[in-house]
Amino acid sequence: MFCHFNLLRNVFVYFAFWFAVIDFAIAYDIIDARNEFNNYLYDKSISYIQTEAGKGDAMAIGLLGKAYFEGRFFGKDYEKAYSLLNDGVNRGDLESYKSLGNLRLQKGKYNDPLEALRLFEAYQGVQAANLSALKADIAQGVADINAGRVREVSMSSIKERGRAILVSPKAV
């Protein structure tokens, strides 16, 4: 009986080992496939961002500048990042203010803490203005609904309004 127990234990350990190896291989394949898919998405998204930036889209220009600043998709290139983020700020992209401010805090050629502070204050000012505009829109919408001027609330019109605010924030 003792001999059979050892044999069964060894068989169990043998199969448990191979199941663990197979599970690891499957998990590795899944992770590898996910990484390939993510790389595919990154390639597609950066191509789209570059295309839109070439068309003058402020948000795409800002995203491209941030990618160069952080070293995503490309190596870090502060020269290109500065140029693109500055263009994004001039075109009114809100996130470009913050990214350019962070770039201005880096050591080296672009270091300018006072300019970084001005950019961060502008970023906050635009955010505050957008929040105030949103609150006013909500209050007006509630007043219109209560007064019976609006019979139907359309999610598409709400989304359009939000996108319009995101695309062209109020300049400070």
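Provided above is the structure to which this section pertains.
Residues numbered from 1 in each chain as written. Predicted model: local features only at pLDDT ≥ 70, side-chain atom pairs only at ≥ 80, totals over all residues. Heavy atoms only, no water.

Draft legend 1. Seen up close, the overall build of the protein. Each helix and strand in the protein was counted, giving six helices and zero strands. Walking the protein from its N terminus toward its C terminus, one meets helices and strands in the order α-α-α-α-α-α. When each of the 172 residues of the protein is scored for burial, the buried share is 23%. A fraction of 42% describes how many contacts in the protein between residues 6 or more apart in sequence connect residues 24 or more apart. Accessible area of the protein: about 12500 Å², with a carbon and sulfur share of 61%. (Helix = DSSP H or I, 4+ residues; strand = E, 2+ residues; numbered from the N terminus. Buried < 20%, exposed > 50% of the residue type's maximum accessible area, 1.4 Å probe, protein only. Contact = heavy atoms within 4.5 Å. Areas by Shrake-Rupley, 256 points an atom, 1.4 Å probe, with all protein chains shown as cover.)

Draft legend 2. Representation of the nonpolar core. Residues Leu64, Tyr97, Leu100 and Leu103 are the most contacted members of the largest nonpolar core, which totals 21 residues. Put simply, the parts of the chain that give this core at least two residues each are α1 (2–54), α2 (58–70), α3 (78–90), α4 (94–104) and α5 (113–146). In terms of residues, this core owes the most to one element, α2, which gives five residues. When neighbours within four sequence positions are excluded, leucine 64 is seen to be in contact with Ile46, Ile49, Gln50, Ala53, Phe74 and Leu84. (Core = buried A, V, L, I, M, F, W, Y, C linked by side-chain atoms within 4.5 Å.)

Draft legend 3. Summary view of the pattern of salt bridges. Tallied over the entire structure, the rule returns seven salt bridges. A salt bridge links lysine 98 to glutamate 95; the shortest N-O distance between them is 3.4 Å. Here the residue lysine 98 and the residue glutamate 95 both occupy positions in helix α4, the gap between them amounting to three residues, near one helical turn. For lysine 98, a relative accessible area of 30% gives the class partly exposed. Across the pair glutamate 115 and arginine 118 runs a salt bridge, and its minimum N-O distance is 3.0 Å. (Salt bridge = Lys/Arg side-chain N within 4 Å of Asp/Glu carboxyl O.)

Draft legend 4. How the structure looks around the packing of aromatic side chains. The full count for this structure, using the stated rule, is three aromatic pairs. Aromatic pair phenylalanine 69 and tyrosine 78: ring centres 5.7 Å apart, planes at 40 degrees, arrangement tilted. (Phe/Tyr/Trp six-rings, centres within 6.5 Å; stacked < 30°, edge-to-face > 60°.)

Draft legend 5. Quick look at the packing of α3 against α4. Across the interface, α3 lies against α4 with an axial gap of 9 Å and an inter-helix angle of 145 degrees. Handedness of the α3/α4 crossing: left-handed. Side by side, α3 and α4 meet where Tyr78, Ala81, Tyr82, Leu85, Asn86, Gly88 and Val89 of the first sit next to Ser96, Tyr97, Ser99, Leu100, Leu103 and Arg104 of the second. A breakdown of the residues in the contact of α3 with α4 according to their chemical character gives eight nonpolar, four polar and one charged. (Axes fitted to C-alpha atoms, helices over the stretch in contact; angles between N-to-C directions. Left-handed = near helix turned anticlockwise from the far one by under 90°. Nonpolar A, V, L, I, M, F, W, Y, C, P; charged D, E, K, R; others polar.)

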